[in-house]
Amino acid sequence: MNYNGIIVGIITFFLIGLFHPIVIKAEYYFSKKIWPIFGIIGFFFVGSSIFVKDTVISILLAVIGITCLWSIIELHEQEKRVKKGWFAQNPNREKKRREEV
């Protein structure tokens, strides 16, 4: 029997669940301006997946990378959710905006 698909599916499920709060916290503390970090990490993992011979590990590295890249989109969406009042806005960021004006 081959359990590779089930292993990859379960780990992918947990990675998506893990990245949801990471995106929320990243937007809260750093705003969407942190997106280049997600991009660099994402491309690193996707690129490294090409050089790994083990199929499952290669797939998981690619899934981590794509999840990081997808998080860039989610950071922008999270900012919209905060503006709608669905999530808390960082009060310190609002203070900085008022001080700059």
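Before reading further, recall that the structure is shown in the block above.
Because the structure is a prediction, the values reported are computed rather than measured.

Helices and strands together make up the secondary structure of the protein chain, namely 4 helices and 0 strands. For the protein chain, the sequential pattern of α-helices and β-strands runs α-α-α-α. Against the compact-globule benchmark of 13 Å for 101 residues, the protein chain has a radius of gyration of 17 Å, which places it well outside the compact range. Based on the C-alpha atoms only, the size of the protein chain along its principal axes is roughly 60 × 25 × 15 Å. Here the protein chain holds 101 residues, and the buried ones make up 32% of them. As presented, the protein chain carries roughly 7,400 Å² of accessible surface, and 70% of it is formed by carbon and sulfur atoms. Between the mean site of the 13 positive side-chain charges and the mean site of the 8 negative ones, the protein chain shows a separation of 2 Å.

A few words on the packing of helix α1 (residues 4-30) against helix α3 (residues 55-83). Orientation of α1 relative to α3, taken along the N-to-C sense of each, is 30 degrees, at an axis distance of 8 Å. Classed by the angle they form, the pair α1 and α3 counts as roughly parallel. Where α1 crosses over α3, the handedness of that crossing is right-handed. Classifying every residue of the contact of α1 with α3 gives 16 nonpolar, 5 polar and 3 charged.

Quick look at unusual backbone geometry now. In this model, Ser31 sits at a positive phi of 70 degrees, which is unusual for a non-glycine residue. Summarising the element assignment, Ser31 is placed in the loop between α1 and α2 (35-50). Take Ser31: its relative accessible area is 9%, and that puts it in the buried class.

Reading the values: rules and limits
- The residue numbers shown here count from 1 along each chain, following its written sequence.
- Given that the model is predicted, a residue must reach a pLDDT of at least 70 before its local features are reported, and side-chain atom pairs must reach 80 or more before they are shown or counted; all residues, however, enter totals for whole chains, interfaces and linings.
- Side-chain measures were taken over the full set of non-hydrogen atoms in the model, leaving aside hydrogen atoms and water.
- Segments assigned H or I by DSSP are reported as helices when at least four residues long, segments assigned E as strands when at least two residues long, and all are numbered from the N terminus.
- For this measure, only C-alpha atoms enter the radius of gyration; the expected value for a globule follows 2.2 Å times N^0.38, where N is the number of residues.
- Summary of the burial criterion: residues with accessible area below 20% of their type's maximum are buried, those above 50% are exposed, and those between are partly exposed, where the area comes from a 1.4 Å probe applied to protein chains only.
- Only the protein chains shown count as cover for residues, and the accessible areas themselves come from Shrake-Rupley with a 1.4 Å probe.
- Positive residues here are Lys and Arg, negative ones are Asp and Glu, while His and the chain termini are left out of the count.
- To locate a charge, the coordinates of NZ of Lys, CZ of Arg, CG of Asp or CD of Glu are taken.
- Every angle, taken between N-to-C directions, lies between 0 and 180 degrees, and every axis is a line fitted to C-alpha atoms, over only the stretch in contact when it is a helix.
- Working definition: roughly parallel below 35 degrees, roughly antiparallel above 145 degrees, roughly perpendicular at 65 to 115 degrees, and oblique for all remaining angles.
- In this scheme the crossing of two helices becomes right-handed for a clockwise turn of the near helix relative to the far one and left-handed for an anticlockwise turn of less than a right angle.
- Each residue gets one label: Ala, Val, Leu, Ile, Met, Phe, Trp, Tyr, Cys and Pro are nonpolar, Asp, Glu, Lys and Arg are charged, and the others, such as Gly, are polar.

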